[in-house]
Amino acid sequence: MAAGCCGVKKQKLSSSPPSGSGGGGGASSSSHCSGESQCRAGELGLGGAGPRLNGLGGLTGGGSGSGCTVSPPQGCGGGGGISLSPPPGCGVGTLLSTPAAATSCSPSSSSAASSSSPGSRKMVVSAEMCCFCFDVLYCHLYGYQQPRTPRFTNEPYPLFVTWKIGRDKRLRGCIGTFSAMNLHSGLREYTLTSALKDSRFPPMTRDELPRLFCSVSLLTNFEDVCDYLDWEVGVHGIRIEFINEKGSKRTATYLPEVAKEQGWDHIQTIDSLLRKGGYKAPITNEFRKTIKLTRYRSEKMTLSYAEYLAHRQHHHFQNGIGHPLPPYNHYS
């Protein structure tokens, strides 16, 4: 399943339905994000990779109905159906396994922004992944042949690609997937999906390239929890599943940085996520207890376009390649 992050402006949080919000299944109501780094559940993704999300807690592309939902996480109470109350004796279980020993270049200290670094495991995310995303977008916008296979690990991970722009780093696009994808094809796909197909924004143009920032987030350590408050602000991303007032299952997610950036506590984050997932009825504490919540962590790397150019230029000279950019030939 995919998700997106980073929003446009601050949200107004309330337990009552927002005025003027559309009805239906949360697709239209969450097609425009209002939190800074938000994620939302979505419709079926490209290439059979599973549902994709655009960072708002709602459906991408205006889809609706049960065909655009996430399948219930395994390991929290057994059964394949949705449980409206926490299963008794439900423990924390692994939802998605991630590669235990993936190798890759370590991120530079100036650009790394990791939400977690469980144990002593080396970070997998790297500056080279952001450079690859810039390569893919650059080649697409200028009509060059797409970059060759990169050298970083091709292990499968759930992932997000986020674009921000300008000095104030406004969100420009963010879509990813909760389905583990091989990084080479996954980053290539979601680079263009987030840059060109985020329904909240027009497709990116060449003129915007110099002002862009690219972030790659790799999601790890998925755990089902029984208590909707059993997660840590600034450490865990959360994905919720709930039944809306029309009886339809809905899903929504926020990446680990969202709540901290917004200054939200647990309840504010959950309520915001419910609204972004399309829930219109008043939010009560009893309803919050029916939520099925999965927490996860992420590794995140961010690079500006200027840092990308510097990185690529250095790469050229290191390998004895004298010709300047364009960067699409860096993997030769």
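Below: a short report on this structure.

Conventions adopted
- Note on numbering: residues in each chain are counted from 1, in written sequence order.
- Note on the predicted model: pLDDT of at least 70 is required for a residue's local features to be given, and 80 or more for side-chain atom pairs to be given and counted; whole-chain, interface and lining totals, by contrast, use all residues.
- To get the side-chain values, take all heavy atoms of the structure and skip hydrogens and water.
- In this description a helix means any DSSP run of H or I spanning at least four residues, a strand means any run of E spanning at least two, and both kinds are numbered starting from the N terminus.
- In this scheme, a helix's expected span is set at 1.5 Å multiplied by one less than its residue total.
- Working definition: with a 1.4 Å probe on protein chains only, accessible area under 20% of the residue-type maximum means buried, over 50% means exposed, and in between means partly exposed.
- Here a Phe, Tyr or Trp ring, Trp counted by its six-membered ring, pairs with any other such ring whose centre lies within 6.5 Å, and the pair is stacked when the planes are under 30 degrees apart, edge-to-face when over 60, and tilted otherwise.
- For this document, the term salt bridge refers to a Lys or Arg side-chain nitrogen within 4 Å of an Asp or Glu carboxyl oxygen.
- Here, nonpolar core refers to any group of buried Ala, Val, Leu, Ile, Met, Phe, Trp, Tyr and Cys residues whose side-chain atoms link them within 4.5 Å.

## Observations regarding helix α1 (residues 127–142)
Compared with the 22 Å implied by 1.5 Å per residue over 16 residues, the 22 Å span of α1 between its first and last C-alpha is a close match. Burial runs high along α1: 14 of the 16 residues are buried. Following α1 by one or two positions, Gly143 adopts a phi angle in the positive range, close to 75°.

## Remarks on the packing of aromatic side chains
Inspection of every chain in the model, using the stated rule, returns 16 aromatic pairs. Here the aromatic rings of Tyr138 and Tyr144 are separated by 6.0 Å at their centres, their planes lie at 5°, and the arrangement is stacked. Under the relative-accessibility criterion, Tyr138 is labelled buried at 11%. Aromatic pair Phe242 and Tyr279: ring centres 6.0 Å apart, planes at 90°, arrangement edge-to-face. Of this pair, Phe242 sits in strand β7 (residues 237–243) while Tyr279 sits in the loop between α4 (266–276) and α5 (285–288), and the two are 37 residues apart along the sequence. With respect to class, Phe242 is no different from Tyr279; both count as buried.

## Examining the pattern of salt bridges
Tallying each qualifying case throughout the model produces 10 salt bridges. Arg172 is the partner of Glu208 in a salt bridge, and the nearest nitrogen-oxygen pair spans 2.7 Å. Note that Glu208 is positioned in the loop between α2 (183–196) and β6 (212–225) and Arg172 in strand β5 (residues 170–182), a separation of 36 residues in sequence. As far as burial versus exposure is concerned, Glu208 and Arg172 are alike and both buried. Residue Lys300 pairs with Glu257 through a salt bridge whose shortest N-O separation is 3.2 Å. On the criterion of sequence distance, the pair formed by Lys300 in strand β9 (residues 292–304) and Glu257 in helix α3 (residues 257–262) is long-range, its members being 43 residues apart. Bridged by salt links that share partners, the residues Glu128, Asp135 and Arg312 form one connected network.

## Some thoughts on the nonpolar core
Counting residues in hydrophobic clusters, the biggest one holds 37 residues, and the most contacted among them are Met129, Trp163, Leu187 and Leu218. Broken down by secondary-structure element, the contributors of at least two residues to this core are α1, β4 (156–165), β5, α2, β6, β9 and α6 (305–318). If one sorts the elements of this core by residue count, α1 sits on top with 11 residues.

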